[in-house]
Amino acid sequence: MNRRNFIYTTSIFSLGIALNANSSLKKNKDVGSMKFSMPEESTKHKQTWMSFVAKDYIWEKRQIPSVKRNLALIAKTIAKYEPVSILVSKYEKEEAIELLDGLDTHTFPIILVEKEIDDLWLRDTGPTFVYGEDNKKYGIDFNFNGWGEDQEHELDSKVASFICNKTKTAIINTDLVLEGGCFEIDGEGIAILTESCVLNDNRNPNMSKKEIEEELKYLLGLKKIIWLKGIKGKDITDGHTDFYVRFVKAGEIVVSYDPDETSYDHQITKDNIKTLKNARDLNGKKFKITILEGPMQINEKFGYKDFAAGYIGYYVCNGAVIMQSFGDKYADKKAKKLLEKTFPNRIIEQIRIDAIASGGGSIHCATQQEPIDL
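Anyway, here's the lowdown on the structure attached to this text. (Residues numbered from 1 in each chain as written. Predicted model: local features only at pLDDT ≥ 70, side-chain atom pairs only at ≥ 80, totals over all residues. Heavy atoms only, no water.)

1. Details of the pattern of salt bridges
Summed over the entire model, instances satisfying the criterion amount to 18 salt bridges. Glutamate 349 is paired through a salt bridge with lysine 80; the nearest N and O atoms lie 3.2 Å apart. Of the two residues, glutamate 349 is situated in strand S16 (residues 347–351) and lysine 80 in the loop between helix H2 (64–78) and strand S3 (84–88); the sequence distance between them amounts to 269 residues. Glutamate 349 gets classed as buried once you look at its relative accessible area, which sits at 15%. Take lysine 80: its relative accessible area is 42%, and that puts it in the partly exposed class. Between glutamate 179 and arginine 203 there is a salt bridge, with its nearest N and O atoms 2.8 Å apart. Taken as a pair, glutamate 179 in the loop between strand S7 (170–173) and strand S8 (183–185) and arginine 203 in the loop between helix H7 (195–198) and helix H8 (209–220) lie far apart in primary sequence, 24 residues in all. The two residues glutamate 179 and arginine 203 agree in class, both being buried. What you see here is one network of salt bridges that share partners, running through Glu41, Arg123, Glu184 and Arg246. (Salt bridge = Lys/Arg side-chain N within 4 Å of Asp/Glu carboxyl O. Helix = DSSP H or I, 4+ residues; strand = E, 2+ residues; numbered from the N terminus. Buried < 20%, exposed > 50% of the residue type's maximum accessible area, 1.4 Å probe, protein only.)

2. Re unusual backbone geometry
One non-glycine residue, glutamate 149, adopts positive backbone phi at about 65°. In this fold, glutamate 149 is placed in helix H5 (residues 146–149). One non-glycine residue, lysine 168, lies in positive phi territory at about 55°. Checked against the element boundaries, lysine 168 lands in the loop between helix H6 (159–166) and S7. Taking relative accessible area as the criterion, lysine 168 reaches 79% and is therefore assigned exposed.

Quick look at the structure:
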């Protein structure tokens, strides 16, 4: 169940982020002291954002063709249920169109948007969309810095602002350095985060836990934050929350369990389950918990060291849940049945994206939802 652990590239770029919480927000005349709230992923989407890219300074050359086929498969599957906009280099547009079977052959449109980018993880580089109390949609730019300066990110650091400008969405600036995979929210005021990622000097040096909590409560409309310990340095994300736990809705969560006792994530997932079983919602009630056990068999064609072998990386779109299979027939079937029971009113689509998984990511990592306009 190991995740993204690419050969780290020392970045020569600096974002120059200020360290005083809320200073950027106070200077933002467009938002002032407005309250915001982030809708939970299963609420109605306007579209899904993805990218079509696999650069040879990040991915092994032998992986690249399969990674692109995987991206096309994800996009085509989501396009059964909602529109998809894909960032793509002008040099790769024809390749993307071919792999997508054309742009007008799907139930919903697939739109290619020209933009040079470094990597495919739109969950982390794209904007986090929230609603303001004025019922307008805003996009938070969380200052992507390559997961703590661990990967080249000059192009990816501009993705959030680019998408906001493209969608004519007002941008909310913040001093926090985060990625979309750092947090899971229930849409009603609770978030789950990992300390190893968020309270990390490679993102937020000199910011206290209290300062970070206050900023996130303001930005995402939170009333309570549940912290998991996570783990630093084992993968490039420093233990993203969305690889461990996901909200189904308020009061209900899905938690990942790694059954491989030789994996460092085995104990981490056991600790997470214990913590979340003792946690309470805003009404003081225990959460309803569904445990998703990972597979024991995977496709090792591109290696297994960094392979993200967890069913928790599903993506919820309009009317469906897009989840992975890994070739472990028993585990694949069991996980699908559990998600069918968890999401009884949605179609469960199960697809293989082993090349992307071999790079340490999931369907969720490669997607970013844009909610509807109110």
